[in-house]
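Architecture at a glance
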Amino acid sequence: MALDARGTPLWEVELGPERPPLEGTIDADVCVVGLGGSGLSCVRELRRLGASVVGLEAGRVGWGAAGRNGGFLLAGLAPFYHDAVERLGRERARALYALTMQELDRIATETPAGISRHGSLRIAESSDEMTDCERQLEAMQADGFPVERYDGEQGSGLLIPGDGTFQPLLRCRSVAAQALDAGARLHERSPVTHIATGCVRTESGSVRCDLVIVAVDGRIEQLLPELVGTVRSARLQMLATAPTTEVRLAHPVYARWGFDYWQQRPDGSIALGGARDLAESNEWTTDAVPTDEIQHALEHRLRDTLGVHAPITHRWAATVGYTASGLPVVSEVRPGVWAIGGYCGTGNVVGSLLGRGLARWRVGGDDSLVRPFLHADD
Ligand SMILES: Cc1cc2nc3c(=O)[nH]c(=O)nc-3n(C[C@H](O)[C@H](O)[C@H](O)COP(=O)(O)OP(=O)(O)OC[C@H]3O[C@@H](n4cnc5c(N)ncnc54)[C@H](O)[C@@H]3O)c2cc1C
């Protein structure tokens, strides 16, 4: 993955032999487009259900945001819990939160390598933010979800004890291996050029199938123009340092209303991202190349707030999808063509849940994992 204009993520790992590009026409029950965390979770579940499945990936597995993110495993959706309650209603917000907590446990059990569960911090950097933390605390406690006040070395705010961190590309590699072992056919370097009911095409092949699932977060509206106006793509950027003992950060942190985030890996390196809002109009883009402006802001946070002077070893960016409602997309955009994506910057757990949930619903007839995500008219 080196020499990539998008930069090299801290997470780079040996992905093993490439799965050959799709050649010719093949048949399957289901074709899954996009092999990030969501698509891989979907493929693996489809095999568990006994469906024949082909997965198509433009690059390598984890090529998009799934292998290039902040490595946070968070329960809940992108909006803070009390905001989700306000927007979606208490019942629905509670059901969604509970599903993501279960999925987080499942992720930790299924692919334990590289996962830590030390909780996550929401750190307040203003009195308004502290008041908002109190509202979140009240709403979460009222619904019985684990949360505590935090006042310690890393600042003041909230501690969510069940959250964690992971090595995102390692997880993609593990789920891909599990899916292949279970009999899935995966093709890398196979960008999809055409999607229609019952047929998916790449430049050198096609898949005839009963069901198509498009599991792409950022840029999904380019692949499925029906989603223009529903999903808007944005660039998110990060940097990472060499291992350092200058700080010892026990918990990953979300600060400044979630716009900035950082964690220290077990080897001491710091992965830090965010600052998107500081150049918001430039960051609504599908161009996933790091920029000086955001990288400067991240460096300022690293050097001046965290007090870390270790050399910066990695800089990278990737694209994610945002929706106005804060709810991800789960919808049938063409007959027999389903889309999942638009996780608003927090898709590691929700994407895995929806990939699995959509497989269970459309092939197994059980909609319990996706029901609270659906709009009334779905
Ligand atoms: C810098 C950054 C930090 C983030 N931090 C966090 C975090 O800490 N916690 C969290 O929960 N979320 C985080 N996110 C969001 C999270 O990474 C994503 O929501 C999640 O990874 C989406 O996974 P996915 O599998 O749905 O989609 P993607 O990762 O977008 O995967 C889609 C795959 O589809 C492939 N593809 C695209 N077009 C085609 C095509 N035409 N044909 C075939 N294949 C195609 C892509 O190459 C890609 O591999 C972050 C994102 C970024 C960019």
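Residues numbered from 1 in each chain as written. Predicted model: local features only at pLDDT ≥ 70, side-chain atom pairs only at ≥ 80, totals over all residues. Heavy atoms only, no water.

1. Re the layout of surface pockets
Stated precisely, the cut-off is as follows: Here a cavity denotes grid points, spaced 1 Å and computed from the protein atoms alone, that fit a 1.4 Å probe unable to get out, and a pocket denotes an open set having protein on both sides within 12 Å along at least 5 of 7 lines; residues with an atom within 4 Å of a point are the lining. Grid points are joined across faces, edges and corners, and a volume is the space filled by probe spheres set on the points. Residues are sorted three ways: Asp, Glu, Lys and Arg are charged, Ala, Val, Leu, Ile, Met, Phe, Trp, Tyr, Cys and Pro are nonpolar, and all the rest, Gly among them, are polar.
Within this model, the second largest pocket holds a volume of roughly 170 Å³. Surrounding the second largest pocket, 15 residues form its lining, Thr230, Pro328, Val329, Val330 and His375 being those nearest its centre. Taken together, the residues that form the lining of the second largest pocket break down as 8 nonpolar, 6 polar and 1 charged.

2. Structural notes on the sheet that holds strand E12 (residues 232-241)
Keep this limit in mind: When DSSP finds two or more bridges between two strands, those strands count as paired. Secondary structure follows DSSP: runs of H or I at least 4 residues long count as helices, runs of E at least 2 residues long count as strands, and numbering of each begins at the N terminus. With axes taken as lines fitted to C-alpha atoms, and helix axes fitted only over the stretch in contact, angles between N-to-C directions fall between 0 and 180 degrees.
Strand order across the open sheet formed by 8 strands is E5-E6-E4-E13-E14-E15-E12-E16, with mixed pairing between neighbours. For this open sheet the edge positions go to strand E5 (148-152) and strand E16 (312-322), each flanked by a neighbour on one side alone. Across the sheet, the mean angle separating the axes of adjacent strands is 25 degrees when strand polarity is ignored. Across 3 bridges, the pairing between strand E4 (residues 120-123) and strand E13 (residues 253-255) is parallel.

3. So, the side chain of Glu283
Threshold: Whether two residues are in contact is decided by their heavy atoms, any of which lying within 4.5 Å being enough.
Residue placement: Glu283 occurs in helix H7 (residues 280-283). Residues contacting Glu283, with those up to four places away along its chain left out, are Ser233, Ala234, Arg235, Gln237, Arg276, Thr291 and Ile294.

4. Observations regarding the site of the ligand
To be explicit about the condition: Each residue is tested against the molecule or strand, and it is near if at least one of its non-hydrogen atoms lies within 4 Å. Side-chain atoms alone can form a polar contact between residues adjacent in sequence; in general such a contact is a pair of N or O atoms within 3.5 Å, and within protein one must be able to donate a hydrogen while the other accepts it. In this description, accessible areas are obtained by the Shrake-Rupley approach with a 1.4 Å probe, and a residue is regarded as covered only by the protein chains that are shown.
Around the ligand sit 35 residues, and of these Ser38, Glu57, Ala66, Val192 and Asp217 come closest. Within the backbone of Gly70, a nitrogen or oxygen atom sits 3.0 Å from a nitrogen atom of the ligand. Here the ligand, which alone exposes 1000 Å², has 93% of that area covered by the protein. Secondary-structure elements contributing two or more residues to the shell around the ligand are helix H1 (37-48), E12 and E16. Of the residues in the shell around the ligand, the class split is 19 nonpolar, 13 polar and 3 charged.

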